[in-house]
Amino acid sequence: MVEHLLAKERVAGSNPVFRSRTSNVAPLRGGFLCRAVDSALEGQMAVLCVTSLTQGEGKTALSSGLARLLIGQGRAVHAFNPLRVSGNDDAGRDSAFLASLTGATPPADWPLTVSDGNLSPDTAQAISNASTPDHDTIIEAPALDEGTDAAPLVQSLASALDARVLLVARYSPDLTAERIMEAAAGFGDRLAGVVINRVFKYRTQDAQAGLAEALRSQDIPVLALLPEDRRLQAVTVDRIAEHLNGEYFLGQDKKDQLFDNVLIGGIVLDNGVEYFGISHTKAVLVRADRPDIQMAALQTPTRCLVLTGGHRPIQYIEHEAREEEVPVILVQQGTLEASRQLDTLFEEATIHYPDKADAFADLLQSHADSEALGQAVGLQQ
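Along each chain, residue indices are assigned from 1 in the same order as the chain's sequence is written. In view of the model being predicted, local features appear only for residues whose pLDDT reaches at least 70, and side-chain atom pairs are presented and counted only at 80 or more, with totals across whole chains, interfaces and linings using the full set of residues. Calculation of side-chain values draws on the structure's entire complement of heavy atoms; hydrogens and water are dropped beforehand.

(A) A look at the sheet that holds strand β1 (residues 47–52). Taken together, the six strands give an open sheet; going across it, the order is β2-β5-β1-β6-β7-β8, and neighbouring strands pair in parallel fashion. A single partner strand is all that each edge strand has here, and the edge strands are β2 (77–80) and β8 (222–227). Taking each pair of neighbouring strands and ignoring which way they run, the sheet shows an average axis angle of 20 degrees. Both β2 and strand β5 (residues 136–140) contribute to a ladder of four bridges, which runs parallel. Bridged to Val77 within β5 is Asp136. Of the strands in this sheet, β1, β5 and β6 (164–170) touch helix α5 (residues 150–161), which is tilted by about 175 degrees from β1. At least two DSSP bridges between two strands are needed for those strands to be called paired. Strands here mean DSSP runs of E at least two residues long; helices mean DSSP runs of H or I at least four residues long; both are numbered from the N terminus. Every axis in this analysis is a line fitted to C-alpha atoms, fitted for helices over the stretch in contact. Angles between the N-to-C directions lie between 0 and 180 degrees. Contact criterion: two residues are considered in contact whenever any of their non-hydrogen atoms come within 4.5 Å of each other.

(B) Summary view of the packing of helix α10 (residues 291–298) against helix α11 (residues 315–324). Look at α10 against α11: their axes get within 10 Å of each other, and the N-to-C directions meet at 15 degrees. Of the possible angle classes, the one that applies to α10 and α11 is roughly parallel. Handedness of the crossing formed by α10 with α11: left-handed. Residues Pro291, Gln294, Met295 and Leu298 of α10 pack against Tyr316, Ile317, Glu320, Ala321 and Glu324 of α11. Under this grouping Gly is polar, as are all residues other than the nonpolar Ala, Val, Leu, Ile, Met, Phe, Trp, Tyr, Cys and Pro and the charged Asp, Glu, Lys and Arg. Classifying every residue of the contact of α10 with α11 by side-chain character gives six nonpolar, one polar and two charged. An angle below 35 degrees is read as roughly parallel, one above 145 as roughly antiparallel, one from 65 to 115 as roughly perpendicular, and any other as oblique. Two helices that cross are described as forming a left-handed crossing if the nearer one is turned anticlockwise from the farther one by less than a right angle, and a right-handed crossing if clockwise.

(C) Seen up close, the layout of surface pockets. In this structure, the largest pocket encloses a volume near 700 Å³. With a 1 Å grid laid over protein atoms only, a set of points is called a cavity when a 1.4 Å probe fits there but cannot get out and a pocket when it is open yet has protein on both sides within 12 Å along at least five of seven lines; lining residues have an atom within 4 Å of a point. Around the largest pocket sit 28 residues that line it, and Gly56, Gly58, Ala349, Thr350 and Ile351 are the ones nearest its centre. Those elements that provide at least two residues to the lining of the largest pocket are α2 (59–72), α3 (90–102) and β7 (191–199). Grid points are joined across faces, edges and corners, and a volume is the space filled by probe spheres set on the points.

(D) Structural context of the pattern of salt bridges. When a carboxyl oxygen of Asp or Glu is within 4 Å of a side-chain nitrogen of Lys or Arg, the pair counts as a salt bridge. Here the structure, examined in full by the defined rule, presents 17 salt bridges. Between Arg216 and Glu213 there is a salt bridge whose closest N-O contact spans 3.5 Å. Of this pair, Arg216 and Glu213 both sit in helix α7 (residues 204–217), separated by three residues, roughly a single helical turn. Per-residue accessibility, obtained with a 1.4 Å probe over protein chains only, is compared with the maximum for each type, and a residue is labelled buried under 20%, exposed over 50%, and partly exposed between these values. Judged by relative accessible area, which is 40%, Glu213 ranks as partly exposed.

(E) Examining α7 more closely. Multiplying one less than the number of residues by 1.5 Å gives the expected span of a helix. For α7, built from 14 residues, the straight-helix expectation of 20 Å at 1.5 Å per residue is met to within 8% by its first-to-last C-alpha distance of 18 Å. Among the residues of α7, those classed as buried are Ala207, Leu211, Ala212 and Leu215. As for α7, its buried residues are in contact with α6 (177–185), β7 and β8. Immediately beyond the C-terminal end of α7, within one or two residues, lies Asp219, with a positive phi of roughly 60 degrees.

Purely geometric stuff here, so don't read any function into it on its own.
Rendered as structure tokens:
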């Protein structure tokens, strides 16, 4: 996921970069949410149950992004992850993130651990009690592959809450409409629709023709084909410091800043400022004895500067980094070794940041079928 992990330090100007967009969730003028607000929020508040074919396909991202989108349009929303299938350690973190994002206050013992497909009456009632008539409620359910009884469990949960179900599937060339239809069949009329997530940049037409049209032909609504987005793979400055066993020279107070790209400053023959300017959400990995390259990076928006070789920067670079409020991290290893270690950095990314929820809301605004999604969340009759 690091764009520039090279066999040796290459000419920086020759390296490609994945451009990222600024996350700025503006009102969806004329869209389903504005029409709902304009109609004085008539009718019952929505209760949605979000699940996925397998773990890691984007159900937390969808839950959080949809919550942020609804909140941004004036809706009162609570989002929860109330159940943990035995062995899933991520459910607790997902639950805490969704609650903090929407201001919800779930019971202290959530998520409740279930070891089979049975949803007890007490558990069902406790989850139902969290759904209030003055809030839309988004429930992140277990993925359908979390144990042999996960699918009946999610079906029972949706039934107990009288909820509509959103099914998330991560795109791959091997994903078939038949697999999605098999999973969707268990929800019957409760299925609100399917979201195909992380569609490759050059496979949108294939996903539309091979998946979306096949599903729609079977009366299964496809609410969105969402492209891959680099912002959702971002990690914090502190994460790269830990990953490389580095130490902060300055700027540790910026440790929670997110970046989604790493540019390597090698032997810059082209215009360094132009090269580093192609990404505004980057970390820069560069030798500590190359102040010329460091200065070029500091003249562009940079989330952190990682200096290899174990040396401190010269005083002028220190001054500029302080002025621009750019953290500087020192690592002992050389640039080549550090770049190799960064191969796995972005594998540690999680969705648990408000900026990422906003980025997913932005994707929904830009790529969802607004009318179908409005009907799915109960804002259109």
